[in-house]
Amino acid sequence: MAAVEQELEMLHRMGDAHTAYALLRQCYVPKITHLLRTATPEEAHPAAAEFDRIIIRCLSKLLADARLTDDVLLQAQLPVRYGGMGMASAISTHNPALV
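First things first, this report covers the structure right here in the doc.

The rules behind the values
- Residues numbered from 1 in each chain as written.
- Predicted model: local features only at pLDDT ≥ 70, side-chain atom pairs only at ≥ 80, totals over all residues.
- Heavy atoms only, no water.
- Salt bridge = Lys/Arg side-chain N within 4 Å of Asp/Glu carboxyl O.
- Helix = DSSP H or I, 4+ residues; strand = E, 2+ residues; numbered from the N terminus.
- Buried < 20%, exposed > 50% of the residue type's maximum accessible area, 1.4 Å probe, protein only.
- Lys, Arg positive; Asp, Glu negative; His and termini not counted.
- Polar contact = N/O pair within 3.5 Å; in protein donor to acceptor, adjacent residues only side chain to side chain.
- Contact = heavy atoms within 4.5 Å.
- Axes fitted to C-alpha atoms, helices over the stretch in contact; angles between N-to-C directions.
- Parallel < 35°, antiparallel > 145°, perpendicular 65-115°, else oblique.
- Nonpolar A, V, L, I, M, F, W, Y, C, P; charged D, E, K, R; others polar.

Further remarks concern the pattern of salt bridges. When the charged atoms of two side chains lie near each other, side chains of opposite charge can form a pair. According to the stated counting rule, one finds 5 salt bridges in the structure shown. For K61, the salt bridge goes to E9, with nearest N and O atoms at 2.7 Å. Of the two residues, K61 is situated in helix 4 (residues 41-62) and E9 in helix 1 (residues 2-12); the sequence distance between them amounts to 52 residues. Take K61: its relative accessible area is 30%, and that puts it in the partly exposed class. Among the salt bridges present, the one from R53 reaches E50, with a minimum N-O distance of 3.0 Å. Separated by 3 residues within a single helix, R53 and E50 lie in helix 4, roughly one turn from each other. For E50, a relative accessible area of 24% translates into the label partly exposed.

As structure tokens, then:
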């Protein structure tokens, strides 16, 4: 997870928030999918929780260090077509990912 954090820190320093958000959403949020599909929920839960924390921290930085409330996070996790930001939570998807 440390490597992901370092990569996301570089992403934040890009200077272009829109491009950084697109890379975060398209490249980094799906990055944990393989782990979630191959590990049991008990094994994957700690990694999924840490991954979510890392993604939330990065998203907060991209939004000018905004404090993300629970309501804001729920909306950010919605698909774009439903008015969200498409930032799927690894915690909420780790049980169905194994099926």
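Additional details are given in the paragraphs that follow.
Another aspect to go through is the side chain of D52. Mapping D52 onto the fold places it in helix 4. An unpaired buried charge is present at D52: no salt bridge exists, and R53, the closest side chain of opposite charge, is 8.1 Å distant. Reaching out from D52, the side chain makes a polar contact with the side chain of S89 at a distance of 2.7 Å. Setting aside residues up to four positions removed in sequence, D52 forms contacts with S89, A90 and I91.

In this section: the packing of helix 1 against helix 2 (residues 17-28). Where helix 1 contacts helix 2, the two axes come as close as 10 Å, and the packing angle between them is 155 degrees. Classed by the angle they form, the pair helix 1 and helix 2 counts as roughly antiparallel. Along its contact with helix 1, which presents V4, E7, L8 and L11, the element helix 2 presents A20, L23, L24 and Y28. Residue composition of the contact of helix 1 with helix 2, by class: 7 nonpolar, no polar and 1 charged.

Shape is all these values report; function is a separate question.
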